[in-house]
Amino acid sequence: MDQSTTTSTRRAAELIALEERYGAHNYHPLDVVLERGEGVWVWDVEGKRYMDCLAAYSAVNQGHCHPRLVAALEKQAHRLTLTSRAFYNDQLGPLCREICELTGFTRFLPMNSGAEAVETAIKLARKWGQTVRGVPDTESRILVFDENFHGRTTTIVGFSTHAQYREGFGPFAGGFRILPYGDAEAVAAAMDEKTIAVLVEPIQGEGGVVVPPEGYLAALRDLTRARGALLVCDEIQSGLGRAGKLFAYEHEGIRPDVAIVGKALSGGLYPVSGVLADDAVMDVFRPGDHGSTYGGNPLGAAVAREALRVLVEEGLIESSARLGAYLLERLRAIRSPHVESIRGRGLWAGIVLRPEAGGARRFCEALREEGILCKETQERVIRLAPPLVVSRQDLDWALERLERVLQRP
Ligand SMILES: *Cc1c(COP(=O)(O)O)cnc(C)c1O
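All figures in this text were calculated on a predicted structure; none of them were measured in a lab. (Residues numbered from 1 in each chain as written. Predicted model: local features only at pLDDT ≥ 70, side-chain atom pairs only at ≥ 80, totals over all residues. Heavy atoms only, no water.)

**Notes on the packing of helix H4 (residues 92–103) against helix H11 (residues 298–313)**
Next, step 1: At their nearest, the axes of H4 and H11 sit 9 Å apart, and the two run at 30 degrees to each other. In terms of orientation, H4 lies roughly parallel with respect to H11. Relative to H11, the crossing made by H4 is left-handed. Residues Leu 92, Pro 94, Leu 95, Glu 98, Ile 99 and Leu 102 of H4 form the contact with H11, whose participating residues are Ala 301, Ala 304, Arg 305, Leu 308, Arg 309 and Val 312. (Axes fitted to C-alpha atoms, helices over the stretch in contact; angles between N-to-C directions. Helix = DSSP H or I, 4+ residues; strand = E, 2+ residues; numbered from the N terminus. Parallel < 35°, antiparallel > 145°, perpendicular 65-115°, else oblique. Left-handed = near helix turned anticlockwise from the far one by under 90°. Contact = heavy atoms within 4.5 Å.)

**So, the sheet that holds strand S9 (residues 258–261)**
Next, step 1: The mixed open sheet is built from seven strands, whose spatial order is S4-S10-S9-S8-S7-S5-S6. Across the chains shown, the open sheet's two edge strands, defined by having one partner strand only, are strand S4 (107–111) and strand S6 (176–179). Across the sheet, the mean angle separating the axes of adjacent strands is 20 degrees when strand polarity is ignored.
Next, step 2: Each of strand S5 (141–145), strand S7 (195–200) and strand S8 (230–234) touches helix H9 (residues 216–227); the most contacted strand, S7, lies at about 165 degrees to it. (Pairing = 2+ DSSP bridges.)

**What to know about the nonpolar core**
When a protein is soluble and globular, its nonpolar side chains tend to lie buried together.
Next, step 1: Among the nonpolar cores identified, the biggest contains 82 residues, and Leu 331, Ile 351 and Ile 382 are the most heavily contacted of them.
Next, step 2: Composition of this core by domain shows at least three residues from each of domain 1 (3–12 + 43–60 + 315–406) and domain 2 (67–313).
Next, step 3: With sequence-adjacent residues up to four places away left out, Ile 382 is seen in contact with Ala 349, Gly 350, Ile 351, Leu 353, Ala 360, Phe 363, Cys 364, Leu 367, Cys 374 and Leu 406. (Core = buried A, V, L, I, M, F, W, Y, C linked by side-chain atoms within 4.5 Å. Buried < 20%, exposed > 50% of the residue type's maximum accessible area, 1.4 Å probe, protein only. Domains from an automatic or database assignment.)

**Overview of the sheet that holds strand S11 (residues 339–344)**
Paired through backbone hydrogen bonds, the strands of a sheet run either parallel or antiparallel to each other.
Next, step 1: One open sheet accounts for four strands, arranged S11-S12-S15-S14; its pairing is antiparallel. Of all the strands in the sheet, the pair left with one neighbour each is S11 and strand S14 (375–377). Here the strands of the sheet are splayed against their neighbours by 30 degrees on average, with no regard to which way each runs.
Next, step 2: Bridge analysis of strand S12 (residues 349–353) against strand S15 (residues 381–384) gives four bridges, and the strand direction is antiparallel. Within S15, the residue paired with Val 352 across the bridge is Val 381.

**Overview of the environment of Glu 370**
Next, step 1: Considering the arrangement of structural elements, one finds Glu 370 in the loop between helix H13 (361–369) and strand S13 (372–373).
Next, step 2: For Glu 370, a relative accessible area of 18% gives the class buried.
Next, step 3: In contact with Glu 370, other than residues within four places in its own chain, are Trp 397, Arg 401, Arg 404, Val 405 and Arg 408.
Next, step 4: A distance of 2.7 Å separates polar atoms of two side chains, one belonging to Glu 370 and the other to Arg 404.
Next, step 5: Separated by 2.8 Å, the side chains of Glu 370 and Arg 408 make a polar contact. (Polar contact = N/O pair within 3.5 Å; in protein donor to acceptor, adjacent residues only side chain to side chain.)

**Comments concerning unusual backbone geometry**
Next, step 1: With an omega dihedral of 0 degrees, the bond running from Gly 170 to Pro 171 counts as a cis peptide bond.
Next, step 2: Note that Pro 171 resides in the loop between helix H7 (163–166) and S6.
Next, step 3: In the Ramachandran plot, Ser 84 falls in the positive-phi region, its phi being about 65 degrees despite a non-glycine side chain.
Next, step 4: Turning to its location among the elements, Ser 84 is positioned in the loop between helix H3 (67–79) and H4.
Next, step 5: A relative accessible area of 25% means that Ser 84 is categorised as partly exposed.
Next, step 6: One non-glycine residue, Glu 379, lies in positive phi territory at about 65 degrees.
Next, step 7: Its location among the elements puts Glu 379 in the loop between S14 and S15.

**Considering H13**
Next, step 1: For H13, the set of buried residues is Arg 361, Phe 363, Cys 364, Ala 366, Leu 367 and Arg 368.
Next, step 2: Summarising the contacts, the buried residues of H13 are in contact with strand S3 (49–52), S12, S13, S14, S15 and helix H14 (392–407).
Next, step 3: Positive backbone phi, approximately 95 degrees, marks Gly 371, located one or two places after H13.

**Focus: the packing of aromatic side chains**
Next, step 1: Under the defined criterion, the tally for this structure stands at seven aromatic pairs.
Next, step 2: Here the aromatic rings of Phe 145 and Tyr 181 are separated by 6.1 Å at their centres, their planes lie at 70 degrees, and the arrangement is edge-to-face. Of this pair, Phe 145 sits in strand S5 while Tyr 181 sits in the loop between S6 and helix H8 (184–190); the two residues are 36 residues apart in sequence, bridging distant segments of the chain. For the pair Phe 145 and Tyr 181, one class covers both residues: buried.
Next, step 3: Ring centres of Tyr 181 and Tyr 216 lie 5.6 Å apart, and the angle between their planes is 70 degrees; this geometry places the pair in the edge-to-face category. Note that Tyr 181 is positioned in the loop between S6 and H8 and Tyr 216 in helix H9, a separation of 35 residues in sequence. For the pair shown, Tyr 181 and Tyr 216 are each scored as buried.
Next, step 4: Chaining the aromatic ring pairs together yields one cluster made of Phe 145, Tyr 181 and Tyr 216.
Next, step 5: One Lys or Arg, Arg 36, reaches over the ring of Trp 43 and ends 4.0 Å from the middle of that ring.
Next, step 6: Just above the ring of Phe 105 sits the side chain of Arg 255; from NZ or CZ to the centre is 4.5 Å. (Phe/Tyr/Trp six-rings, centres within 6.5 Å; stacked < 30°, edge-to-face > 60°. Lys NZ or Arg CZ within 6 Å of the ring centre and 35° of its normal.)

**A closer look at the state of the cysteines**
Next, step 1: Under the definition given, this model contains zero disulfides.
Next, step 2: Cys 53 forms no disulfide, and the closest cysteine sulfur to it belongs to Cys 374, at a distance of 6.3 Å.
Next, step 3: With no disulfide of its own, Cys 100 lies closest to Cys 96 among cysteine sulfurs, the gap being 6.5 Å.
Next, step 4: By relative accessible area, which is 11% here, Cys 100 ends up buried. (Disulfide = S-S within 2.5 Å.)

Next comes the structure, spelled out in structure tokens:
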């Protein structure tokens, strides 16, 4: 090892030690310290290059430090960054119009993090239930699903089925009922006059890239419509191109009453999330009902506007569909003693390992050695979700390495 390599190795160790010493221990990252990113690639402090196959859980669909997004951020940072919603700003109105025109909804409510947007959708559904459906908010119920992931607030983790997300964080809010994911019959049986909404991920991301059986979302659409309940789709991870469509629910030709967006809405530069709905639902909110100091700020709005334009103008959604099909086909052709199945849609794959394979973490560590960054989910699923700017050549590069790692004993 030459002098500079040992120095940067020491620097990596020091940076990890700093987080361990002064940061809260609520994460267990891989031992890699990143300092630079461009497109699908990131570099660690030792100068080693990796392909980012996690893309910050799909927040970085547009690729790291996309030049157009950096320019939009920089330009707006010099003009105006935060006004609060006590005043109007010149970026929010245009963002609302552009996202409505793109998605087909008539109103947009901006927030910051994904969890906040889910909370907003829950409040919206409840107020709609009370004022439009006449179900008192003390009695209304929202149907949710096993292995769901909607964020980390106390209300949301209260209906998680993942023990660690809940344990020690109660007491929890009521008003939710958990049903098996992918089972439309169970929803039909559970729907009653108190059911005001069904909250569902069209594809479960944290659950391990779980694609529901064909016809499931369409069945939920029919059931909710017939029973006068709202269909609320959490598209924070599955949306904005990840699954090969603007929204994953489009694969079943449906349109929910409420769609929740986040993550790639700002392409990794700045947190922007929000809720989309039509007038009949969104108009139950009155001034003062809900808000956020940073929600709808001009800096975030300018970045989100550009992030949406990049998604459309660079053909990233079509690319996700086309290259995603290629990725899944190549993954399915890998002969490996460890792989049980491959699932996914668009540029989003879950490599499900056999129970005896010893968990996904060791494979993620081996892939890191090969220059690929990804993260296990659900113990034995390797999730692959590269930025949508990935090229076929980049994918071939990654597939060669994946093959090598999966074929080892
Ligand atoms: C990531 C995610 C969230 C939470 O988003 P945060 O920005 O981390 O709060 C909610 N729902 C889904 C489906 C997600 O993947």
